[in-house]
Amino acid sequence: MDNGDGLRWYGVPGRALVPLTEDAGLHVARRMRRELKHFRPSVDLAFDEVIAGCRGHLPGSPERDGEWISDELVEIYQHLHTTGLAHSFEVWQGDELAGGVLGLALGGAFIAESKFHRLTNGSKAALIHLAEHLDRQGFALLDAQIQNPHLATLGVYEVTDKEYRRLLRRALALDVEL
């Protein structure tokens with residue numbers, strides 16, 4: 001995280017985890033399930049645009065409170081992308097980027113760093129499609145980091161630090177690809 005004083009490690013007490021399936025607790029309202037059909041998901045097709053959207057620098061994306069993704073952090077994410085660790089998960093309506101999630105894939109864990117939308121429900125659709133994609137690929141963990149009311153509607157739940165470390169160790173031991 002960069003709050004203007006240089007890069008710093010940021011942690012939270014407890015973590016917000018996204019269930020990967022509806023059986024595991026992912027809640028997708030009927031209306032949202034119908035809307036998902038209008039979003040086409042992709043992986044790593046628009047990495048730089050997703051970063052720009054997460055920063056609030058993409059035309060049509062809402063302004064963001066505090067630009068914690070500094071230019072230096074962008075360079076780090078771009079480097080991690082070239083190594084295969086940082087990824088973007090996008091959703092499209094036609095040829096228009098509707099929303100996306102920026103994150104890190106480590107073993108069977110995907111740590112969502114940030115998300116954005118340009119079209120209504122774009123970030124929610126990206127997160128739901130991401131969860132479903134991760135489940136199909138054999139991932140065990142989708143870490144949203146911080147709980148909020150928007151995420152809670154999807155069934156996102158919090159775990160203690162101790163439980164998170166246990167789940168993360170198990171996920172890191174998996175050999176899966178995004």
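Look up: the structure comes first, before these words.
Presented here is an overview of the structure given in this document. From a predicted model like this one, the values you see are computed outputs, not experimental measurements.

Conventions and cut-offs
- Residues numbered from 1 in each chain as written.
- Predicted model: local features only at pLDDT ≥ 70, side-chain atom pairs only at ≥ 80, totals over all residues.
- Heavy atoms only, no water.
- Core = buried A, V, L, I, M, F, W, Y, C linked by side-chain atoms within 4.5 Å.
- Buried < 20%, exposed > 50% of the residue type's maximum accessible area, 1.4 Å probe, protein only.
- Helix = DSSP H or I, 4+ residues; strand = E, 2+ residues; numbered from the N terminus.
- Salt bridge = Lys/Arg side-chain N within 4 Å of Asp/Glu carboxyl O.

Moving on, we get to the nonpolar core. Residues V18, F110, L127, L130 and L142 are the most contacted members of the largest nonpolar core, which totals 29 residues. Sorting the residues of this core by element identifies α1 (30-36), β3 (86-93), β4 (96-106), β5 (109-117), α4 (122-137) and β6 (141-145) as the ones contributing at least two each. The biggest single contributor to this core is α4, with seven residues. Counting residues in hydrophobic clusters, the runner-up holds 17 residues, among them C54, L73, A86 and L97.

Here the focus is the pattern of salt bridges. One pass over the structure, following the stated rule, counts six salt bridges. With a shortest N-O distance of 3.6 Å, R31 and E35 are connected by a salt bridge. Remark: E35 and R31 occur in helix α1; sequence separation between them is four residues, near one turn of the helix. For R31, a relative accessible area of 60% gives the class exposed. A salt bridge links E163 to R166, with the nearest nitrogen and oxygen atoms 2.6 Å apart. One end of the pair, E163, and the other, R166, are both in helix α6 (residues 161-172), three residues apart, so they sit about a helical turn from each other. On the accessibility criterion, R166 (37% relative accessible area) is partly exposed. Via salt bridges that share partners, E22, R33 and E132 belong to a single interconnected network.

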